[in-house]
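Breakdown of the fold
Spelled out from the first residue to the last, the chains are:
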Amino acid sequence: MNSTEQLVLRKAVLSEVPAIWKILQDAIEQRRLDGSTQWQDGYPNELSIKNDIENGNGYVLTENESILCYAVIMFDKDPAYNNIEGKWLTDGDYTVVHRVAVSKLAKGKGIATKLFEKIESLSVENDIYSIKVDTNFDNVPMLKILDKLKYTYCGEVYLRGSARKAFEKRLI
């Protein structure tokens, strides 16, 4: 069995909040070290994670029960995406991905790419054929992943008062 087959994307549980928070803290620090303004204002935080999980939107990518990555995956429309300066590729249902954070232990192993591949499969299983995502202008690692996975830049959306680059990928 290769490592891809051992990777499991599943809903996070509340008992995992401390482990997820550690991964997010490392990601927040990495954004800071990269000179990014993203996540430098106290958000996300432990309460964000708890709310994500309670709302059924917090997911972890695990390998042998070890958490490698955290993301918010919503099979629901994001109101912030209604007002795009630009144009989305599609107008129908879509999956939204927020707050992607990879464990320091898994950095450089393509885990975020594998996460997005699993999200694509999960979306299709739920009869959703579009994924929309946004990121900060200066989040170079995420911009590279979106480019590699053939996401299309659609314009800008505003979240929490800040402009963000918005991307979409059609899955069929």
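Quick note: structure is the one above.
Turning next to the sheet that holds strand S4 (residues 85-86). Read from one edge of the open sheet, 8 strands run S1-S2-S3-S5-S6-S8-S7-S4, paired in mixed fashion. A strand with exactly one partner marks an edge of an open sheet, and here the two such strands are strand S1 (7-11) and S4. Inspection of the sheet shows strand S2 (residues 58-63) paired to strand S3 (residues 66-74) by 6 bridges, in the antiparallel sense. Bridging from a neighbouring strand, Gly58 pairs with Val72 of S3. Those strands touched by helix H5 (residues 140-148) are strand S5 (95-102), strand S6 (130-135) and strand S8 (162-170), and its axis lies near 155° from that of S6.

Regular strands place side chains that alternate from one sheet face to the opposite one. Here S6 lies mainly inside the structure; 6 of its 6 residues are buried. In S6, alternate side chains face the same way, and those of Ser130, Lys132 and Asp134 on one face and Ile131, Val133 and Thr135 on the other are all buried. As judged from the 3 bridges shared by S5 and S6, these two strands associate in the parallel manner. Counted as the bridge partner of Val97 is Val133 from S6. Note that the unit made of S5, helix H4 (residues 111-125) and S6 has a crossover that is right-handed. Taken together, the 6 bridges between S6 and S8 define a ladder with antiparallel strand orientation.

Here we come to the nonpolar core. Leu9, Val100, Leu115, Phe116 and Tyr151 are the most contacted members of the largest nonpolar core, which has 28 residues in total. Secondary structure elements with two or more residues in this core: S1, S2, S3, S5, H4, S6 and H5. Of the residues forming this core, the biggest block, 6 residues, is contributed by H4. Core analysis: the second largest hydrophobic core is formed by 25 residues, Leu24, Val72, Met74 and Ala101 among them.

Turning our eyes to something else, we now look at a nonpolar patch on the surface. A cluster of nonpolar side chains, contributed by Val124, Tyr129 and Ile172, occupies part of the molecular surface with about 290 Å² of accessible area. Along the chain, Val124 turns up in helix H4.

Centre-to-centre distance and the angle between the planes together describe a pair of aromatic rings. All chains considered together, the criterion is met by 4 aromatic pairs. Taking 5.1 Å as the distance between ring centres and 40° as the angle between the ring planes, the aromatic pair formed by Tyr81 and Trp88 counts as tilted. Tyr81 gets classed as buried once you look at its relative accessible area, which sits at 2%. Relative to Tyr151, the ring of Phe116 has its centre 5.8 Å away and its plane inclined at 80°; by these criteria the two rings are edge-to-face. Placement of the pair is Phe116 in helix H4 and Tyr151 in the loop between H5 and strand S7 (152-159), with a sequence separation of 35 residues. Like Phe116, the residue Tyr151 is buried in the burial classification.

Cut-offs used in this document
- Residues numbered from 1 in each chain as written.
- Predicted model: local features only at pLDDT ≥ 70, side-chain atom pairs only at ≥ 80, totals over all residues.
- Heavy atoms only, no water.
- Pairing = 2+ DSSP bridges.
- Helix = DSSP H or I, 4+ residues; strand = E, 2+ residues; numbered from the N terminus.
- Contact = heavy atoms within 4.5 Å.
- Axes fitted to C-alpha atoms, helices over the stretch in contact; angles between N-to-C directions.
- Buried < 20%, exposed > 50% of the residue type's maximum accessible area, 1.4 Å probe, protein only.
- Right-handed = clockwise from strand over helix to strand, strands pointing away.
- Core = buried A, V, L, I, M, F, W, Y, C linked by side-chain atoms within 4.5 Å.
- Patch = residues over 30% accessible without salt bridge, like charges linked within 9 Å, V, L, I, M, F, W, Y side chains within 5 Å.
- Areas by Shrake-Rupley, 256 points an atom, 1.4 Å probe, with all protein chains shown as cover.
- Salt bridge = Lys/Arg side-chain N within 4 Å of Asp/Glu carboxyl O.
- Phe/Tyr/Trp six-rings, centres within 6.5 Å; stacked < 30°, edge-to-face > 60°.

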